[in-house]
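# Examining the three-dimensional arrangement
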Amino acid sequence: MGLAAGHPRPGAANPARVDIGTLEVVEGDSGTRTYEIPVTVTGRAGGVLRLFLNDGQSWPITSWLVTVRPGQRSIRVPIEITGDTLWNYPERHALSAKAERGLVVGSFVGGIVTRNDDPVPTLTVESASVRVAEGETFTWRISASAYTERGISLGAWPLAPATGVELSTADVDPDWFAENAWGQPVEPVRPLSQTWLGVFGFIEPDATTIELTVPTSTDSLTEPDEIIELHFDQIPDEPSPGEVLTGVVTAN
């Protein structure tokens, strides 16, 4: 009979169980503190466990074998957290486990979540409303009020405007559209709000400005003004412009 990897062999009496918990900590403004990921062992038997640690930055994931002695009640996995005064998204040191011999694993994923305690930068748009002619590029310049620890990711999505004619897939550069709409085709022509299009940008940690752009295309049709409205996700405690980016392609 086959035996799934990580399970004890038939007949093993009361194998010990390993559970990984999650600890939430606050980063702090300075200094380095050491915390331990909660890893508990219940039962009297021993065995061998493989742990996998992902700090969200390094690659490959670190893994190592741990020998659990009979009667052992915990496994030490210390993590150092260094404080600073720069804003950052929550950081996670993720720990997972796989039983190698003589153990079972209950809660197999946990770790340490480090919550940011620094002020969230304010993002402002130099000019939220832009007008261009066909074939020109919409450009919105966004500025952050402070540097950050690891940068700011931005994503905006087209929604149908309350009034006016919405920009369609035929009105933007086709290569740019395919790249930013997860490979969706331009045809059939449809409003941008009915696609998977997203306009993305990243403000580097040592920078405070970025330009989001949408290149338009030309055609020989007589058309009215056409509009694109880009809306940002509003996530609590994360920087995001409070304004809607509006672009108008003037009638030709």
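Thresholds applied
Residues numbered from 1 in each chain as written. Predicted model: local features only at pLDDT ≥ 70, side-chain atom pairs only at ≥ 80, totals over all residues. Heavy atoms only, no water. Salt bridge = Lys/Arg side-chain N within 4 Å of Asp/Glu carboxyl O. Helix = DSSP H or I, 4+ residues; strand = E, 2+ residues; numbered from the N terminus. Pairing = 2+ DSSP bridges. Axes fitted to C-alpha atoms, helices over the stretch in contact; angles between N-to-C directions. Core = buried A, V, L, I, M, F, W, Y, C linked by side-chain atoms within 4.5 Å. Buried < 20%, exposed > 50% of the residue type's maximum accessible area, 1.4 Å probe, protein only. Contact = heavy atoms within 4.5 Å.

Turning our attention to the pattern of salt bridges. Side chains that differ in sign of charge can pair as their charged atoms come close. Tallied over the entire structure, the rule returns nine salt bridges. We note a salt bridge from R115 to E24, for which the minimum N-O separation is 3.1 Å. Of this pair, R115 sits in strand β10 (residues 109-115) while E24 sits in strand β2 (residues 22-26), placing them 91 residues apart in sequence. Taking the shortest distance from any N to any O, the salt bridge between E100 and K98 comes out at 3.6 Å. When salt bridges with common partners are traced through the structure, they connect R50, K98 and E100 into a single cluster.

Turning our eyes to something else, we now look at the sheet that holds strand β17 (residues 209-215). Sheet strands pair via backbone hydrogen bonds, and the direction of the pair is either parallel or antiparallel. Taken in spatial order, the three strands line up as β11-β13-β17 in an open sheet, and their pairing is antiparallel. The sheet is open, and its two edges are formed by β11 (123-125) and β17, each paired on a single side. Recorded for the sheet is a direction-independent mean angle of 25° between the axes of neighbouring strands. Two strands pair when backbone bridges link them, and β11 and strand β13 (residues 137-144) are joined in this way by three bridges, in the antiparallel orientation. Residue L123 lies in a different strand from β13, and its bridge partner there is A144.

Here the focus is the pairing of strand β14 (residues 152-159). One ladder, built from five bridges, connects β14 with strand β16 (residues 199-203); its direction is antiparallel. Within the sheet, the bridge partner assigned to G155 lies in β16 and is F200.

Attention shifts here to the nonpolar core. In this structure, F138, W140, I142, L154, V214, I228 and L230 are the most contacted members of the largest nonpolar core, which totals 30 residues. Considering each element in turn, this core owes the most residues, four residues, to β13. If we skip the residues at most four places from it in the chain, I228 touches F138, W140, L167, L192, V214, L245, T246 and G247. If you look at the next biggest cluster of nonpolar residues, it comprises 21 residues, including L51, I81, L95 and A97.

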